[in-house]
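# Observations on the model geometry
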Amino acid sequence: MMARIAHPNNLKKAFQRVKRNKGAAGIDRMTVEDLFTYLQGHGRQLRQCLSRGLWKPTPVRRVLIPKPCGGERKLGIPTALDRMVQQAIQQVLQAEWEPRFSAYSYGFRPYRSAHQVISQAQLYMKDGYNWVVDIDLSKFFDRVNHDRLMAKLAEHIEDKDVLRLIRRFLKSGVMDNGLVKPQAEGVPQGGPLSPVLSNIVLDELDRTLENRGLRFVRYADDCRVFVKSKKAGERVMASLVKLIEGKMKLKVNHTKSAVDRAWKRPFLGYSFTRDGRKTLATKSGKRFKDKIRQLTRKGGRSLEQRLEGLNRYLQGWKNYFREVETSTEFEHFDCWIRRRLRSLLWYQWKRSPKRYKELRKQGISDKLTRQTVASGKGHWRVSRSPALHMALPNSWFDKLGLIRLLAA
DNA sequence: ACTGACACTAC
RNA sequence: AUUGUAGUGUCAGU
């Protein structure tokens, strides 16, 4: 197995991945650009180090980033070289474990997306499994138990060198303002290997759920079991908490876990309606609006630049809107964006008559009366000020991805 | 078929 | 200088 990891082809792929990600440097300040020149000199040496089981990982660099919902996320950034080695292991480990993972585990796995999880959840709901046991693990990556993880790995890996190498990565420690602290638990958030390791640890949970014949899906540490009654849910919850906190030595986040009706718990950015359709979760909708607001704020940039930015952002959301099954919500966002744009245009017109002339050339006019505008020719009317009635042709809005979506 | 850039989402 | 995996989208190139 170590032969496969240290194989030149595997290492080359690992290097390319690290390079493509353009990540920051680790504790040794070696950037991904330096990595190539380093490898030209020391590539052979690295390979030998690995295949003899002599590779010594460097401690990870501690970085704190704010989480979107408040709080901080502790990152552990390995050196570029270590990232490459971890990536090499990841490639082999992922291929090895992929067939063994549960069909209902979706996080961090190739060819599996958040949308598939949602669809599966909807299937359960359609069969009448309306109650959901929502289990969230607190600080999941940081609390992975090393011994349990190594035991899981040892079940399928015979190569002692590989096991030792992974153990060294787990124990390599954190450099926090000049001091190396050893790590008793957890996988570094930021290590290429960490996601697949997390799946290997939680595979035990999947197996238990499967053996009990329960309907469930899992996306990383977000695990949901679908049942038919509150009572059944509470029973499942109690036994799962016992399993996770006892045998698996992990911690359940009790404030974020609950037994509730499925449509009361937003899931991966979506919520469900009572009859099981998908809508945008309020939190996601809010974030979306905030960003649009920011992109259409009055100020320096030109209209074209704004449109570019808007379009790019909307394209990122395209898939989300495509999946949403409540049309009113969709129209709501569509109207809302149009309104923002119109007020922006009005503002630009007011500031610069020259600019306004250009806009008119693009088919924007203000002279039309409201009735003909609204009905006749697919124009849109705005009465931003009593004195001004500005109209935008629909074709102009077509530049925006969201609007194109509406038409399709 | 493959590669690259830039976004966005989930955790 | 803010990391990682996975997914999706737009564009560009051989």
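Residues numbered from 1 in each chain as written. Chains lettered and ligands numbered in written order. Predicted model: local features only at pLDDT ≥ 70, side-chain atom pairs only at ≥ 80, totals over all residues. Heavy atoms only, no water.

Turning our eyes to something else, we now look at the protein's contact with RNA strand C. Around RNA strand C sit 28 residues in total, of which Arg 17, Asn 21, Ser 113, Gly 190 and Asn 319 are the nearest. Here RNA strand C approaches the protein such that, of its atoms within 4 Å, sugar and phosphate make up 83%. With respect to RNA strand C, the backbone of Gly 191 contributes an N or O atom lying 3.0 Å from a sugar or linking oxygen. Secondary structure elements with two or more residues in the surface near RNA strand C: helix 2 (8–21), strand 1 (60–66), strand 2 (72–77), helix 4 (80–97) and helix 11 (303–323). Among the elements that make up the surface near RNA strand C, the one with the highest residue count is helix 4 (4 residues). Looking at the surface near RNA strand C residue by residue, the class counts come to 10 nonpolar, 11 polar and 7 charged. (Near = heavy atom within 4 Å. Polar contact = N/O pair within 3.5 Å; in protein donor to acceptor, adjacent residues only side chain to side chain. Helix = DSSP H or I, 4+ residues; strand = E, 2+ residues; numbered from the N terminus. Nonpolar A, V, L, I, M, F, W, Y, C, P; charged D, E, K, R; others polar.)

The N-to-C vectors of helix 4 and helix 8 (residues 194–211) enclose an angle of 35 degrees; their axes lie 9 Å apart at closest approach. The two elements helix 4 and helix 8 cross, and the hand of that crossing is left-handed. Note on element contacts: helix 8 touches helix 4 through Ser 194, Val 196, Leu 197 and Ile 200, opposite Gln 86, Gln 90, Leu 93, Gln 94 and Trp 97. By residue class, the composition of the contact of helix 4 with helix 8 is 5 nonpolar, 4 polar and no charged. (Axes fitted to C-alpha atoms, helices over the stretch in contact; angles between N-to-C directions. Left-handed = near helix turned anticlockwise from the far one by under 90°. Contact = heavy atoms within 4.5 Å.)

Counting residues in hydrophobic clusters, the biggest one holds 65 residues, and the most contacted among them are Leu 35, Met 84, Ile 89, Leu 93, Leu 149, Leu 153 and Leu 205. If one sorts the elements of this core by residue count, helix 4 sits on top with 9 residues. Excluding anything up to four places from it in sequence, Leu 149 contacts Val 144, Leu 170, Val 187, Leu 197, Ile 200 and Val 201. Listed in part, the 30 residues of the second largest apolar core include Val 217, Phe 272, Tyr 313 and Ile 337. (Core = buried A, V, L, I, M, F, W, Y, C linked by side-chain atoms within 4.5 Å. Buried < 20%, exposed > 50% of the residue type's maximum accessible area, 1.4 Å probe, protein only.)

Looking now at a positive patch on the surface. A grouping of Lys 67, Arg 73, Lys 74, Lys 139, Lys 256, Lys 283 and Arg 287 is seen on the molecular surface, where their side chains present a positively charged patch. In this structure, Lys 74 sits in strand 2. (Patch = residues over 30% accessible without salt bridge, like charges linked within 9 Å, V, L, I, M, F, W, Y side chains within 5 Å. Areas by Shrake-Rupley, 256 points an atom, 1.4 Å probe, with all protein chains shown as cover. Salt bridge = Lys/Arg side-chain N within 4 Å of Asp/Glu carboxyl O. Lys, Arg positive; Asp, Glu negative; His and termini not counted. Charge placed at Lys NZ, Arg CZ, Asp CG, Glu CD.)

A few words on the sheet that holds strand 6 (residues 215–219). Across the sheet, 4 strands lie side by side as 6-7-3-8; this open sheet has antiparallel pairing. Each edge of the sheet is formed by a strand with only one pairing partner; in this case those strands are strand 6 and strand 8 (258–261). Averaged over all pairs of adjacent strands, the angle between strand axes in this sheet comes to 20 degrees, irrespective of strand direction. Together, strand 6 and strand 7 (222–227) form the strand contacts of helix 8, whose direction differs from that of strand 6 by roughly 170 degrees. (Pairing = 2+ DSSP bridges.)

Bringing the packing of aromatic side chains into the picture now. Enumeration according to the criterion identifies 5 aromatic pairs in this entry. Ring geometry for Phe 108 against Phe 141: centres 6.2 Å apart, planes inclined by 70 degrees, an arrangement best described as edge-to-face. Remark: Phe 141 occurs in the loop between strand 3 (131–136) and helix 6 (146–156) and Phe 108 occurs in the loop between helix 4 and helix 5 (114–126); sequence separation between them is 33 residues. For Phe 141, a relative accessible area of 14% translates into the label buried. Ring geometry for Phe 140 against Phe 141: centres 5.7 Å apart, planes inclined by 80 degrees, an arrangement best described as edge-to-face. The exposure classification of Phe 140 matches that of Phe 141, with both residues buried. In this structure an aromatic cluster arises from ring pairing among Phe 108, Phe 140 and Phe 141. When the ring centre of Tyr 106 is taken as reference, the NZ or CZ atom of Arg 112 above it lies at 5.0 Å. (Phe/Tyr/Trp six-rings, centres within 6.5 Å; stacked < 30°, edge-to-face > 60°. Lys NZ or Arg CZ within 6 Å of the ring centre and 35° of its normal.)

All right, on to the protein's contact with DNA strand B then. DNA strand B sits among Arg 20, Lys 22, Phe 108, Tyr 219, Asp 221, Leu 268, Arg 287, Arg 312, Tyr 313, Gly 316, Trp 317 and Tyr 320. Here DNA strand B approaches the protein such that, of its atoms within 4 Å, sugar and phosphate make up 89%. One nitrogen or oxygen atom from the side chain of Arg 20 is found 3.2 Å from a phosphate oxygen belonging to DNA strand B. Take Tyr 219: an N or O atom from its side chain is 3.1 Å from a base nitrogen of DNA strand B. The dominant element in the surface near DNA strand B, judged by the number of residues it contributes, is helix 11, at 5 residues. The residue makeup of the surface near DNA strand B, split by class, is 6 nonpolar, 1 polar and 5 charged.

Bringing the pattern of salt bridges into the picture now. It is possible for side chains bearing opposite charge to pair when their charged atoms get close. In this structure the tally under the stated criterion is 15 salt bridges. For Arg 109, the salt bridge goes to Glu 98, with nearest N and O atoms at 2.8 Å. Here the residue Arg 109 occupies a position in the loop between helix 4 and helix 5, and Glu 98 occupies one in the loop between helix 4 and helix 5, the gap between them amounting to 11 residues. For Arg 109, a relative accessible area of 7% corresponds to the buried category. Measuring nitrogen to oxygen at the nearest pair gives 3.1 Å for the salt bridge that ties Asp 290 to Arg 293. With Asp 290 and Arg 293 both in helix 10 (residues 282–295), this residue pair falls 3 residues apart, about one helical turn.

Bringing the side chain of Asp 136 into the picture now. Here Asp 136 lies in strand 3. It turns out Asp 136 is buried and unbridged, and the closest side chain with the opposite charge, Lys 256, is 4.1 Å from it. With residues up to four places along the chain from it excluded, the contact list for Asp 136 reads Asp 221, Val 252, Asn 253, Lys 256 and Ser 257.

This part takes up the pairing of strand 3. Of all 6 residues that make up strand 3, 6 are buried, and the element is covered over most of its length. Pairing geometry for strand 3 and strand 7, over 6 bridges, is antiparallel. Note that in strand 7 the partner of Trp 131 across the bridge is Val 227. Pairing analysis gives 4 bridges linking strand 3 to strand 8, with the strands arranged antiparallel. Bridge pairing links Trp 131 to Arg 261 in strand 8.

Keep in mind that these numbers describe shape and distance, not what the molecule does.
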